[in-house]
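Spelled out, the chains give:
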Amino acid sequence: MNKSKKKIAQDPILILTIILVVSSLAVFIVYPLFQIAKASFFNIHGEFSIAGYQRVLRGGNLLRALTNSLRLAAITATLSTIIAYIFAYTINYVNVPFKKMFSGMAILPVISPPFVISLSAILLFGRRGFVTYHFLGMQNANIYGLNGLILVQTLTYFPIAFMVLAGLLKSLSPALEEASENLGASKLETFLKVTLPLTVPGIANAFLLVFIQSMADFGNPMTIGGNYSTIAREIYLQAIGSYDMQAGATLAMLLLTITLIVYALQKFWIGNKSYITVTGKPTGVRKLVEKGLFKNVMFGICFGLSAMVMLFYLLVPIGSFIRLWGVNNSFTTDHYKYVFSIGRKPLMDSLKLSLYATPISAFLGMIIAFLTVRKKFFGKRFVELVSMLAIAIPGTVIGISYILSFNVRPLALTGTATIIVVALVVRAMPVGMRSGITALQQIDPALEEAAINLGASQAKTFFSVVIPLIKPAFFSGLVYSFVKSMTAMSAIIFLVSARYNLVTASILSQVESGRLGVASAYSTILIIIMIFSLVILNTIVRIFGGHEKTNSPKINKKKPINLNQGGM
């Protein structure tokens, strides 16, 4: 037994923590995935059958849903990456006003429900839409279907690609571009032969991240998909609408397989490519494009798209005060009266369950990060693998697998608050864990070893040394967990019940019944709660965890720049 394992054996709290973490991952991630794989191969009578896979391969609705999703994801990822590159290049290479506004577009999809853009698209381009019916006089406008999905998914997910590409372009050293121009190359030649090749791995990374998000998207296809079926929506319809669990499980397994393959490509192939052009040698400041047609075109594209995104988000609160959009446009507060009376329970349930899930997911993420980065123990590979796997599991797969796994004793949790909280924790925990891993890899472990050598226990070291050192990552995990929990839908749509309903499920229900005013009121309140909560949490982060002191711990300068911080 080596020295590290001896120390673990002497600390019962650490052993108990490892057992609890391994058990939790096994029960709430591995076991449900096993159950969904099993359900895809066994029929309702418990007999082995591959009828589900045969139905998919035979063609028909199930295969069409799969191919539709692949087609939609490819188009959305391509358009999103192109738009994101234009935004990222403009911010880093062109001197234009409103750069903060362009960057601010990246946070809107994070704090909003997953189908706000879809709701706005209906208000703008639906049969009674402001643009189509009132402005253009079209009588049979149809925003539902592939074209509508491409529009809303591109506007929803291009900020994800933007965050990857903006960081990449900012990190590129201007020395290579300056050398190219000094050798006589034009701006266009420098871009095509220097800048663009250096950013190809980042472009591929951004494309794959958006591709995964589009494949797993549930809210937008349910809201605006119309007759264009997608795999995430078909899983829900087969499992909940038709009670055909084998077909739902089969589609879920196919979706999981595709997302895992794409995630593996993004993580292990693209993610390991080196983007580093910063060598430590002094370089000049990048010369921005100050004038000319190119500057005006780039600014026009960014400004136009930003204005469109802002219009989509502004329409939601406006629609919440319209009595019946497109038919009776008189002002009313009835939708808010409904939300704060009969419809108040989903709001309170969302707030309550999110507040339960937030600290659990944040602490669990930090504990798993600490164990995987700092400790050597039996089962470490299992923890690393399952934690990484959790990032790539689509919400619909978690939802249907939880129904299959926790519907009978001794784990009969369906319909309880516990199963919803667990689903929220599983969905939010991986991002906090990755932030914790990144933070811990930059801190010299000698600090923790010093505390242990002075007699501190592993628990004392974790709470007194590790957590204070990774406070920014911990509080960021808190913020993300709360936002993710409040806006979650794809997993919890399978788990809500009469006792516990969440606001996102209520919004979807209102949209499906044509009550767009109530749905807009719910969405507006949710966005206000998000903004208010983010301000409070970010204030807490600034006060307690944001600033490094002059005697800050030693940072490992050998750690390479890692742009692979995405995920699902």
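(A) Looking closely at the overall build of the chain. Helices and strands together make up the secondary structure of the chain, namely 25 helices and 2 strands. Within the chain, buried positions represent 52% of all 568 residues. If you sum the accessible surface of the chain, you get close to 26200 Å²; carbon and sulfur atoms cover 65% of it.

(B) The arrangement of empty space enclosed by the protein in detail. Enumeration over the complete set of coordinates arrives at 2 cavities of 30 Å³ or more. Taken as a whole, the second largest cavity holds about 30 Å³ of empty space. Counting residues per element, the ones that place at least two in the lining of the second largest cavity are helix 2 (12–41) and helix 19 (395–405). Ranked by the residues each element gives to the lining of the second largest cavity, the list is headed by helix 2, at 4 residues. Of the residues belonging to the lining of the second largest cavity, the class tally is 8 nonpolar, 1 polar and no charged.

(C) Spatial organisation of the packing of helix 4 (residues 61–93) against helix 11 (residues 187–216). The contact between helix 4 and helix 11 brings their axes to 8 Å, and the two run at 135°. In terms of their interaxial angle, helix 4 and helix 11 are classed as oblique. Considering how the two elements wind past one another, helix 4 and helix 11 form a crossing that is right-handed. The residue makeup of the contact of helix 4 with helix 11, split by class, is 16 nonpolar, 8 polar and no charged.

(D) Quick look at helix 20 (residues 417–441). Over its 25 residues, helix 20 extends 36 Å from the first C-alpha to the last, a length consistent with the 36 Å expected when each residue adds 1.5 Å. Bending of helix 20 peaks at approximately 35° at the position of Met429, with proline Pro430 no more than four residues after it. Along helix 20, 19 of the 25 residues are buried, which leaves the element largely enclosed by surrounding structure.

(E) Looking closely at the nonpolar core. If you look at the biggest cluster of nonpolar residues, it comprises 166 residues, and the most contacted ones within it are Tyr402, Ile420 and Phe494. Among residues more than four places away in sequence, those in contact with Phe494 are Ile235, Tyr236, Ala239, Ile240, Thr396, Gly399, Ile400 and Ile403.

(F) Molecular detail of a nonpolar patch on the surface. Residues Phe41, Phe42, Phe48 and Ile50 make up a contiguous nonpolar surface patch of about 370 Å² in total accessible area. Here Phe41 is to be found in helix 2. Exposure remark for Phe41: the relative accessible area of 32% places this residue in the partly exposed category.

(G) Quick peek at the pattern of salt bridges. Tallied over the full model, the rule gives 6 salt bridges. The partner of Asp349 in a salt bridge is Lys345, and the shortest N-O contact between them spans 2.7 Å. Taken together, the positions of Asp349 and Lys345, both in helix 17 (residues 344–374) and 4 residues apart, correspond to about one turn of that helix. Look at Lys345 and you get partly exposed, because its relative accessible area is 40%. It is possible to trace a salt-bridge network through shared partners that takes in Arg323, Asp334 and Lys337.

(H) Fine view of the side chain of Thr524. You can see Thr524 is positioned in helix 25 (residues 516–544). Overall, the relative accessible area of 10% leaves Thr524 in the buried class. What Thr524 contacts, discounting residues up to four positions off in sequence, is Val316, Pro317, Ser320 and Tyr336.

(I) The environment of Ala488, seen in detail. Inspection of the secondary structure puts Ala488 in the loop between helix 23 (471–487) and helix 24 (503–512). Accessibility expressed as a relative area gives 14% for Ala488, which makes it buried. Here the alpha-carbon distance between Ala488 and Gly219, two residues 269 residues apart in the chain, equals 9.6 Å. Residue contacts for Ala488: discarding those within four places in its chain leaves Leu424 and Thr504.

(J) Expanded view of the packing of aromatic side chains. One pass over the full model with this rule turns up 24 aromatic pairs. Ring centres of Phe42 and Phe48 lie 5.8 Å apart, and the angle between their planes is 85°; this geometry places the pair in the edge-to-face category. A residue is classified by how much of its surface remains accessible, and Phe42, at 32% relative accessible area, is partly exposed. Taken together, a centroid distance of 6.3 Å and an interplanar angle of 45° make the contact between Phe125 and Phe312 tilted. Pair noted here: Phe125 is in helix 7 (residues 116–125) and Phe312 is in helix 15 (residues 293–319), with a separation of 187 residues, a long-range link. Relative accessible area serves as the criterion here: at 1%, Phe312 is assigned to the buried category.

(K) Representation of helix 7 in the model. With 9 of 10 residues buried, helix 7 is to be regarded as a mostly interior element. Those residues of helix 7 that fall on the buried side of the exposure criterion are Val116, Ile117, Ser118, Leu119, Ser120, Ala121, Ile122, Leu123 and Leu124.

(L) Focus on the packing of helix 17 against helix 20. Direction vectors running N to C along helix 17 and helix 20 enclose 40°, while the axes themselves pass 6 Å from each other. As far as their axial angle goes, helix 20 and helix 17 are oblique. Pair helix 17 / helix 20 crosses with right-handed handedness. Looking at the contact of helix 17 with helix 20 residue by residue, the classes come out as 20 nonpolar, 7 polar and 1 charged.

(M) Local environment of the pairing of strand 2 (residues 328–331). Here 2 bridges tie strand 1 (residues 322–324) to strand 2, and the two strands are oriented antiparallel to one another. Opposite Ile322, over in strand 2, you have Phe331 as the bridge partner.

(N) Representation of unusual backbone geometry in the model. The phi torsion at Phe98 lies on the positive side, around 65°, for a residue other than glycine. Its place among the elements puts Phe98 in the loop between helix 4 and helix 5 (99–104).

(O) Focus on the confidence of the model for the chain. Per-residue pLDDT for the chain averages 83, and the proportion of residues at 70 or more is 90%. Considering only residues more than four positions removed or in separate chains, one finds that residues 547–568, a stretch of pLDDT under 50, has 39 contacts.

(P) Up close: the environment of Thr76. Locating Thr76 in the fold gives a position in helix 4. Judged by its relative accessible area of 0%, Thr76 is buried. Residues contacting Thr76, with those up to four places away along its chain left out, are Ile150, Gln153, Thr154, Tyr157, Val210 and Ser214.

Reading the values: rules and limits
Residues numbered from 1 in each chain as written. Predicted model: local features only at pLDDT ≥ 70, side-chain atom pairs only at ≥ 80, totals over all residues. Heavy atoms only, no water. Helix = DSSP H or I, 4+ residues; strand = E, 2+ residues; numbered from the N terminus. Buried < 20%, exposed > 50% of the residue type's maximum accessible area, 1.4 Å probe, protein only. Areas by Shrake-Rupley, 256 points an atom, 1.4 Å probe, with all protein chains shown as cover. 1 Å grid on protein atoms, 1.4 Å probe; cavity = no way out; pocket = protein on both sides within 12 Å on 5 of 7 lines; lining within 4 Å. Points joined across faces, edges and corners; volume = space filled by probe spheres on them. Nonpolar A, V, L, I, M, F, W, Y, C, P; charged D, E, K, R; others polar. Axes fitted to C-alpha atoms, helices over the stretch in contact; angles between N-to-C directions. Parallel < 35°, antiparallel > 145°, perpendicular 65-115°, else oblique. Left-handed = near helix turned anticlockwise from the far one by under 90°. Expected span 1.5 Å × (residues − 1). Bend = angle between axes of the 7 residues up to and from the residue. Core = buried A, V, L, I, M, F, W, Y, C linked by side-chain atoms within 4.5 Å. Contact = heavy atoms within 4.5 Å. Patch = residues over 30% accessible without salt bridge, like charges linked within 9 Å, V, L, I, M, F, W, Y side chains within 5 Å. Salt bridge = Lys/Arg side-chain N within 4 Å of Asp/Glu carboxyl O. Phe/Tyr/Trp six-rings, centres within 6.5 Å; stacked < 30°, edge-to-face > 60°. Pairing = 2+ DSSP bridges. pLDDT = per-residue confidence, 0-100.

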